[in-house]
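# Close look at the chain arrangement
Each chain is listed here by its residues.
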Amino acid sequence: MNRFDYIRPASVPEAIAAAAVPGSAYLAAGTNLLDLMKVGTLRPERVIDITRLPDLDRIEWLPDGGVRIGAMVRNSDLAYDERFARMFPAVAEALLSGASAQLRNAATVGGNLMQRTRCAYFHDLASACNRRLAGSGCDARDGENRLHAVLGWSEHCIATHPSDFCVPLVALDAVVEVEGPHGGREIPVDLLHVLPGATPERATALAPGELIIALRLPAEATGFSGNARYLKLRERTSYAFAVVSAAAALEFEGGQIRKARIALGGVAAKPWRAREAEAALTGVPASREAFAKAAELALADALPSGDNAFKIELARRIVVRALSLAVEGTPKIMPALPASPFSTTAGVTHVA
Amino acid sequence: MSPETISQTNRSHRHGSNAGQPLTRRDGVLKVTGRATYAADNHPDDMLYAVPAVSRIARGRVTALDVTAAKAHAGVVEVLTPANRPPLAHDPDEKMPPFGFRVEVLQDDGVRYVGQPIALVIAETLEAATEGAALLDPQYETATARTDLSNGDRFDTATVGIGAPARTAYGDIAAGLAAATHVTEADYVTPAQYHNAMEPHAVVAEWDGDRVTLDMPNQAMALSCAAYAAYFGVPAENVLIRSPFLGGGFGSKAILNGPQILAILAARMLQRPVKLVLTRAQMYGPVGHRGHTWQKLRIGTDREGRLTALHHHALCATSSFDEFLEPAANASLPLYESPAILVEHEGLRLDTGTPGPMRAPGEASGSAALEVAMDEAAVACGMDPLEFRLANYAETEPGTGRPFSSKTLRECYSEGAKRFGWAGRPLEPRQMRDENGFLVGWGMGTAVFHCPHFPAEARATLRADGTALVETSGADMGQGAWTALAQIAAEALGLDPDQVEFHSGVSSLPDGGIAGGSGHTASAGLALNNAGEDAIAKLAALATADPASPLFGSGNIGVVPRSGRLHRLDDEGRSESYVDILARTGQTEVIGTAKAARDQEAAAHHAMFSHGAVFAEVKVDPDLGQIRATRLVGAFAAGRVINPRLVRSQYFGGMIWGASFALHEEAITDRRTGRIMNADFAEYHVPVNADVPSLDAILTEEHDPYVNPLGIKGVGEIGITGTVGAIANAVWHATGVRVRRFPIRIEDLVIGRS
């Protein structure tokens, strides 16, 4: 681990000023950053601890019915906020399907948005990784890549974004509020994470020194609260990243789908919004055929990046299932196994 | 706090035998309150920290290490490399019988696997040592790594496991296959798996002249003392190992490894205590693992569904420089009657650390393949898998015809099937759904495990106050050995367990043998029993020779110990307490000792195995391929049960391990570099609580007059066997997809794996 300066600013402006120095990194709960620093994947020279900044740990309801969530709100606190879970049930379900209870208690909203890929080659310093070191190559391309990207990847990088939380956020048009050296701006979460192209070292749209201070979900997204699900396939029932996942949200009018939202996780370097699939569902009745067509559209551009062709078929199927579950309606209580296909078990309310 | 201060406080009120009681663990409160002292909790004054630098290549040599940079780092005291590593008295490239492997202790600059120690940095703090190791910035000359079937070097071998024959043949396999009406033939693959004990390998080493004290988790203290003594050129009695608690061992803490030897060496070199604790990632290399296997089974069956031939071939990965081959095919020897049986092994050299025994070595991976193959053969014969196994039930040991010392497998089958509700299971797959539309499948497998017995010694001291001290250097890896062993000792001494002070976990005590092979309770237990009996005999001799005792003259008739008193055998009303006997005869204590081992005569004439039957239910999402094991019922017959609570827990643990093998665990190796890409608990999956199905373990009653005088077999490993196959067979029954590679993955059920 490299030597670094540890700075604990007292305000957002102080934090941003401190981060103006190149080589700086913001530290929230550290559930991802510190691991990456220990293995040497990230070697910031200045670590700016933002966990004690004032006012970033609030959930505020906006006059229009939307919600503004401070970047330092803990994942568990958000998922268990009664009103939030009622208004944005797929987001709460996604949060509770991620990591472990201990990690969720520590991890923050802003940190989750900024988490890095789980690609083993990104973590292994002896491997070539364009994302870690620009121009060094991609050892995942011909490596152990059964869980890598099938959408939006490039020859330079086939990593996926691992977040569960971000998948329904993208589906629901969430926006992040950013402060930076040149003032504040807003970025849709869908544009926050960027596809690798020829510059996979750039994982997000944030400029150097910019800090996410809040996440906003629009009032419009509450219209899906009765028909919204997050579904996640994984290799053990809890504490595992998604093989593939999907968020689906529907709004009905007179027996027809008025609005549809679909996003996929674990398939690309960003949560993958499937707008063409959404459009195909708009104004039609919910049916298995319509969902299958939507799934085809969602994965129309998919290509295996290695030994992972199965993920394309699996992603199609999970889109259909997530939509079907959304039609059935949001469960009245959080499933015992959030986001699991096996979450139909009634009467158990613990979180695995 | 030391376990020696533990006494049983939750005294249970009961009458009769101590053995057979479901006592809770003697050390349970210490563990759940954090007062149990594990090796790495020790901090002797003036202690240094050692951190190994490990290789990131699989094959080649280290061409440069920046020792200057490491030594320049504040707090770094010394850097051990091949250039300055002090000599060892035993050549590390020579095996250390009976269980020792070649170890990598900086004997040269060669690199033979990823994770091999290539230097050891010793510093005043853990942080300084860690940073020093990072600063070494090793440079390599890299050779192409052999990582898989495609590029490993195959070789013939005479032995597998630890000294087991690599090939055993009974009857004419070709004739048996020719006589078959159907031959089931299939290939099975099991991955490399790592022990991943919760407690990492650790040692705190402190020298005093030519004597050394080692605080370390250890499953085989006496053997380890002898081995360390050989490496360091000191008498074995100069090595003291203290291993009061182990946070899991599973075979990986029975065998010496390079990093621990280097830390002990550093402590002697620097004349200061040294602590070394491996990181999780560093446990993927030098401390053993379950080797990758490629197995082929051919099962010939006749019209009645009886085996005409059973051929099991296992290709087993080992390292480039030493041999530990999973004795996987030997799993096909003891279970099913067949006129022709051929089991054989081949080796495959890969650039990995040497595999080693890992909970049910050979039996686990071999049983996984065998039990799936038996399921496939049952399907081919149109028979229910249980009926098929019963049709091929071995009444005597297949091939040799030796009687079993005891075999209650038929009862395991019937009790397990009844509890599970096996009757009425449809033969065809994909017939059952639950109320939510998930596919439901039922599968079963036979469990079997051999019954090794290690020589062991013990001492029992009856004290003037009527209590006893019993001593043996056993190891409690969490399985509850100390509780069960104390129960055996108390039984022999005619005392309640809370009147028995139990000393263990220190190598200076009488040799308790090895906590391995599921043989610890039997081995150390027999020694404790015999030591207790010896103490009682000496006490009886005092009493029966004393005219003042009510037992005077009972020498020929005999006495029986019960509740702290000796009773005349033919007249229970005549008795005397231990306290009175000792007081009147002026003794402060009576010491009994014993050395116990297996009766070789009984062993030669009997086949000795624990048996069981495991029934599994899985549910599978028909579209998404997500699998969940929902129910496991195991019925096991393992001789006499000393503590049913602990035994049931051992079965549960084994069955969960089996579920892990079937559905979760796999070390993923980059085939180009040999690096393990998931060497951490986030990515190397072991089951979480939510993966653990409903568990039921039936303790089938069994009396074995031959296995040892106590009638105890072993329970620690058998739960894995049978379970892996049962789950895989249940997945087939649910889906109709036969998966022959472990762990079973989502893609196997969605599109089939390439």
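Residues numbered from 1 in each chain as written. Chains lettered and ligands numbered in written order. Predicted model: local features only at pLDDT ≥ 70, side-chain atom pairs only at ≥ 80, totals over all residues. Heavy atoms only, no water.

## A word on the overall build of chain A
Scanning chain A from terminus to terminus reveals 13 helices and 12 strands. Its C-alpha atoms give chain A principal-axis dimensions of about 60 × 50 × 40 Å. Here chain A holds 352 residues, and 58% of them are scored as buried. Taking the intrachain contacts of chain A between residues at least 6 apart in sequence as the baseline, contacts between residues at least 24 apart amount to 66%. In chain A, the 38 positive side-chain charges and the 38 negative ones have mean positions that sit 3 Å from each other. (Helix = DSSP H or I, 4+ residues; strand = E, 2+ residues; numbered from the N terminus. Buried < 20%, exposed > 50% of the residue type's maximum accessible area, 1.4 Å probe, protein only. Contact = heavy atoms within 4.5 Å. Lys, Arg positive; Asp, Glu negative; His and termini not counted. Charge placed at Lys NZ, Arg CZ, Asp CG, Glu CD.)

## Digging into the packing of helix α7 (residues 363-380) of chain B against helix α15 (residues 723-735) of chain B
Residues and elements named next belong to chain B. The N-to-C vectors of α7 and α15 enclose an angle of 40°; their axes lie 7 Å apart at closest approach. In this view, α7 runs oblique relative to α15, as classed from their interaxial angle. Between α7 and α15 lies a crossing of right-handed hand. Listed contacts from α15 to Ala368, Glu371, Val372, Asp375 and Val379 of α7 are Val724, Gly725, Ala728, Asn729 and Trp732. Considered class by class, the residues forming the contact of α7 with α15 number six nonpolar, two polar and two charged. (Axes fitted to C-alpha atoms, helices over the stretch in contact; angles between N-to-C directions. Parallel < 35°, antiparallel > 145°, perpendicular 65-115°, else oblique. Left-handed = near helix turned anticlockwise from the far one by under 90°. Nonpolar A, V, L, I, M, F, W, Y, C, P; charged D, E, K, R; others polar.)

## A look at the interface of chain A and chain B
Counting residues at the interface gives 39 residues for chain A and 38 residues for chain B. Taken over both partners, the interface formed by chain A and chain B buries close to 3400 Å², and the fraction arising from carbon and sulfur atoms is 51%. Ranking the residues of chain A by area buried against chain B places Glu144(A), Arg236(A) and Phe342(A) at the top, with a combined share of 22%. Residue Arg146(A) is joined to Glu747(B) by a salt bridge in which the shortest nitrogen-to-oxygen separation is 2.7 Å. At the level of elements, α8 (120-123), β9 (228-233) and α13 (310-328) of chain A are the ones that each hand at least two residues to the side of chain A that touches chain B. Of all the elements, α13(A) adds the most residues to the side of chain A that touches chain B, at six residues. Across the side of chain A that touches chain B, the residue classes break down as 18 nonpolar, five polar and 16 charged. (Buried area = accessible area lost by both parts, 1.4 Å probe. Salt bridge = Lys/Arg side-chain N within 4 Å of Asp/Glu carboxyl O.)

## Description of the domain arrangement of chain A
Per the domain assignment, the segments making up chain A are domain 1 (5-52) and domain 2 (225-328). Using C-alpha coordinates to define each centre, domain 1 of chain A is positioned 35 Å away from domain 2 of chain A. (Domains from an automatic or database assignment.)

## What to know about the confidence of the model for chain B
All names here are of chain B. When pLDDT is averaged across chain B, the result is 95; 97% of the residues are at 70 or more. The low-confidence segment residues 1-16 (pLDDT under 50) makes 29 contacts with residues lying over four places distant or belonging to another chain. For this predicted complex, the interface confidence comes out at an ipTM of 0.96, alongside a pTM of 0.97. (pLDDT = per-residue confidence, 0-100.)

## Considering α7(B)
In an α-helix, one turn spans 3.6 residues, which is why side chains three or four residues apart end up on the same side. Residue and element names in this part refer to chain B. In this model α7 runs 25 Å from its N-terminal to its C-terminal C-alpha over 18 residues, within 8% of the 26 Å that 1.5 Å per residue would give. In terms of burial, α7 is a largely internal element, 16 of the 18 residues being buried. Glycine 382, located one to two residues past α7, shows a positive phi value of around 65°. (Expected span 1.5 Å × (residues − 1).)

## Comments concerning the nonpolar core
By size, the foremost hydrophobic cluster in this structure holds 89 residues, and its most contacted members are Val618(B) and Tyr651(B). The element best represented in this core is α7(B), accounting for nine residues. Excluding anything up to four places from it in sequence, Val618(B) contacts Leu439(B), Val440(B), Gly441(B), Ile627(B), Arg628(B), Ala629(B), Thr630(B), Ile727(B), Ala730(B), Val731(B) and Ala734(B). Ala19(A), Ala171(A), Val178(A) and Leu206(A) belong to the second largest nonpolar core, which has 55 residues in total. (Core = buried A, V, L, I, M, F, W, Y, C linked by side-chain atoms within 4.5 Å.)

## A word on the confidence of the model for chain A
When the pLDDT values of chain A are averaged, the result is 96; 98% of them are 70 or greater. Low pLDDT, under 50, characterises residues 345-352 of chain A; the predicted model gives this stretch 14 contacts beyond four residues in sequence or across chains.

## A short note on the side chain of Arg146(A)
Considering the arrangement of structural elements, one finds Arg146(A) in the loop between α8 and α9 (166-171). The exposure class assigned to Arg146(A) is buried, which follows from its relative accessible area of 16%. Within the structure, Arg146(A) has its side chain in polar contact with the side chain of Glu747(B) (distance 2.7 Å). (Polar contact = N/O pair within 3.5 Å; in protein donor to acceptor, adjacent residues only side chain to side chain.)

## Re the sheet that holds strand β3 (residues 76-80) of chain B
Residue and element names in this part refer to chain B. An order of β3-β5-β1-β15-β12-β13-β14 is seen for the seven strands of this open sheet, with the pairing classed as mixed. The strands lining the two open edges of the sheet, one partner per strand, are β3 and β14 (239-242). Going across the sheet, the axis of each strand differs from the next one's by a mean of 20°, ignoring polarity. As paired strands, β3 and strand β5 (residues 117-123) are joined by four bridges and run antiparallel to one another. Bridge pairing in β5 places leucine 80 opposite leucine 120. The strands that helix α5 (residues 221-232) touches are β12 (202-208), β13 (211-215) and β14; relative to β14, the one it contacts most, it runs at about 140°. (Pairing = 2+ DSSP bridges.)

## So, the state of the cysteines
Here the structure, examined in full by the defined rule, presents zero disulfides over all chains. Of the cysteine sulfurs around Cys129(A), a residue in no disulfide, the closest is that of Cys119(A), at 5.9 Å. The structure places no disulfide on Cys451(B), whose sulfur is separated from the nearest cysteine sulfur, that of Cys412(B), by 12 Å. With relative accessibility at 6%, the residue Cys451(B) sits in the buried group. (Disulfide = S-S within 2.5 Å.)

## Brief notes about the pattern of salt bridges
A complete count under the given rule lists 74 salt bridges over all chains for this structure. One salt-bridge network, in which partners are shared between bridges, spans Asp173(A), Glu220(A), Glu251(A), Arg258(A), Lys259(A), Arg261(A), Arg273(A) and Glu278(A).

## Observations concerning α13(A)
If you check α13(A), its first and last C-alpha atoms are 27 Å apart, about what 19 residues at 1.5 Å a residue would give, namely 27 Å. With its phi angle positive at about 110°, Gly329(A) sits one or two positions after the end of α13(A).

## Considering the side chain of Asp49(A)
Residues and elements named next belong to chain A. Checked against the element boundaries, aspartate 49 lands in strand β3 (residues 46-49). A relative accessible area of 4% places aspartate 49 in the buried class. A distance of 2.4 Å separates the side chain of aspartate 49 from the side chain of tyrosine 6, its partner in a polar contact.

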